[in-house]
Amino acid sequence: MKPSATTSRREFLKLSALSATVLSVNSVSAFPLTKTNKPIVVSTWRNPDANAAAWKVVAANGRALDAVEQGARVPEANPKDTSVGYGGLPDRDGCVTLDACIMDEKSNCGAVAFVQGYKHPISIARAVMEKTPHVMLVGKGAEQFAASQGFKKENLLTRESEKAWKEWLKKSEYKPYHNPGQHDTIGILALDANGKLCGACTTSGMAFKMHGRVGDSPIIGAGLYVDGEVGAATATGVGEEMIRIAGSNSIVELMRQGLTPQAACEEAIKRLIRKRGEEKAKELSVAFLALSVNGEVGAYSTNDVFEYTLTTPDQMHSVIRSESYF
Ligand code: SD4
């Protein structure tokens, strides 16, 4: 399935006028509520198992929040996935450091960054959201909190990841790489049968990064943003670029102004390219994925490598190639 066609501003205004007449008087949302295709789960890259875990929750009338957490835990536990959780490639000092965040339909959110020794940062992020008055814990503090919540401490560096790091050490070239064929940070968005929209994002970040480097993935507004009245967006790729334009938040705000998720993702990528210039941007792999509260999906990336996995009542875990600028 191709992403839905871009709705022009004029079409949107027409639609808004129409929708305004059918909106409930109690509704405070300016967003046009058209027919919703739900439940729906969408995740970055080829992640059918993650979508299946999330789908199990929403198909049983469960909460989108549980769905995105369960979905994110799948690649976190998979040692073959070298950019998320257990088996994630380490930083240049050989340490696996993880980042994650989660956000619900009421904009409650939790995040952890630079966490070592815990396989499921997404669940720690959820605990930060639900059990502390804070949004984000990092490093040792996040690890202490995880221990206090009963999370199990484990070694996350697999033999394969250690081997890759030792290979990298031979030249120790500091180019925290973002090989398009070799990354699959998961951002996962779900709209449940009750119309609740939630998202999660989890990663081990860029391979062989500086010790202490944190990317976009745990930053609310950069790697993930959800507004339960409008839509949600998530990102993958060179995190510094998404942070620079507050990418996921920008997409949701563009959707609030009437752009489709597709048009909003395209505008965010173009904004980033305008700032960087085409020459430099060609080297940057960045992709956005968005879901509106109406169940429309959009995706767009700088280069032609991005794909995402979509699950709806009619489509079980379809992997779809995103359109791209280059
Ligand atoms: C980061 N955005 O840490 C992440 C990396 C990524 O697939 O998406 N990898 O910058």
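Structure: see above.
Values in this document were obtained by computation on a predicted structure and should not be read as measured data.

Caption draft 1: Just the sheet that holds strand β7 (residues 224-227), in detail. The strand order across the open sheet formed by five strands is β7-β8-β9-β10-β13, and the pairing between neighbours is mixed. The sheet terminates laterally at β7 and β13 (323-324), the two strands that pair on one side only. In this fold helix α8 (residues 247-256) packs onto β7, β8 (231-237) and β9 (286-292), with an angle of close to 145 degrees to the strand it touches most, β8.

Caption draft 2: Seen up close, the pattern of salt bridges. Considering all chains together, one arrives at 18 salt bridges under this definition. Linking Glu241 and Arg276 is a salt bridge whose minimum nitrogen-to-oxygen distance equals 2.9 Å. Of this pair, Glu241 sits in helix α7 (residues 239-244) while Arg276 sits in helix α9 (residues 261-276), and the two are 35 residues apart along the sequence. For Glu307, the salt bridge identified is with Arg321, shortest N-O distance 4.0 Å. Pair noted here: Glu307 is in strand β11 (residues 307-312) and Arg321 is in strand β12 (residues 315-321), with a separation of 14 residues, a long-range link. Judged by relative accessible area, Arg321 falls into the partly exposed class, the value being 44%. Ionic contacts of the salt-bridge type, sharing partners, join the residues Arg46, Asp304, Glu307 and Arg321 into one network.

Caption draft 3: Representation of unusual backbone geometry. Although it is not a glycine, Ser107 sits at a positive phi angle of roughly 65 degrees. For Ser107, a relative accessible area of 31% corresponds to the partly exposed category. The phi dihedral of Phe208 is positive, around 60 degrees, even though this residue is not glycine. Structurally, Phe208 can be placed in the loop between β6 (197-203) and β7. Look at Phe208 and you get buried, because its relative accessible area is 4%.

Conventions used here
Residues numbered from 1 in each chain as written. Predicted model: local features only at pLDDT ≥ 70, side-chain atom pairs only at ≥ 80, totals over all residues. Heavy atoms only, no water. Pairing = 2+ DSSP bridges. Helix = DSSP H or I, 4+ residues; strand = E, 2+ residues; numbered from the N terminus. Contact = heavy atoms within 4.5 Å. Axes fitted to C-alpha atoms, helices over the stretch in contact; angles between N-to-C directions. Salt bridge = Lys/Arg side-chain N within 4 Å of Asp/Glu carboxyl O. Buried < 20%, exposed > 50% of the residue type's maximum accessible area, 1.4 Å probe, protein only.

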